[in-house]
Amino acid sequence: VGTMYITRVAVYVNKFHVAAGVLVTALSVHSLFACALADPGVLQPHPKALGGRGSSKQYMPSTGDRRCSACCIIQPKGSMHCEFCRVCVSGWDHHCPW
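Residues numbered from 1 in each chain as written. Predicted model: local features only at pLDDT ≥ 70, side-chain atom pairs only at ≥ 80, totals over all residues. Heavy atoms only, no water.

Moving on: the sheet that holds strand β2 (residues 80-82). Reading across from one edge, β1-β3-β2 is the order of the 3 strands in this open sheet, with antiparallel pairing throughout. Taken across any chain shown, the strands that pair with only one partner, and hence form the sheet edges, are β1 (42-43) and β2. (Pairing = 2+ DSSP bridges. Helix = DSSP H or I, 4+ residues; strand = E, 2+ residues; numbered from the N terminus.)

Spelled out as structure tokens, the structure:
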């Protein structure tokens, strides 16, 4: 979208629009890669835990004292068990697209 704006609109307006278009496009690409390559905060389950075979329904983030029945760990504050990925995620914030 940014490249289309720069090549089809901004070049006919003025140099400021071209520079702003390049800057915004570069920042958007940087943000995309920063989010895509960042660690999602997956917590390591206990070695003897059921892990993927266990089922743990959780509707609210942990307050710091909840024990996940599937991963057999005490969840830190703000973490949740993802029922689709079957792992506990620290700092739960739209972890996966499902």
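What follows is about helix α2 (residues 15-37). Taking 1.5 Å as the rise per residue, α2 with 23 residues should run 33 Å; its terminal C-alpha atoms sit 33 Å apart, in good agreement. The opening residue of α2, the one whose side-chain oxygen lies 3.0 Å from the backbone nitrogen of Phe 16, is Asn 14. (Expected span 1.5 Å × (residues − 1). Polar contact = N/O pair within 3.5 Å; in protein donor to acceptor, adjacent residues only side chain to side chain.)

Taken together, the side chains of Val 29, Leu 32, Phe 33 and Leu 37 present a nonpolar region at the surface, about 430 Å² in accessible area. As for its position among the elements, Leu 37 is in helix α2. (Patch = residues over 30% accessible without salt bridge, like charges linked within 9 Å, V, L, I, M, F, W, Y side chains within 5 Å. Areas by Shrake-Rupley, 256 points an atom, 1.4 Å probe, with all protein chains shown as cover. Salt bridge = Lys/Arg side-chain N within 4 Å of Asp/Glu carboxyl O.)

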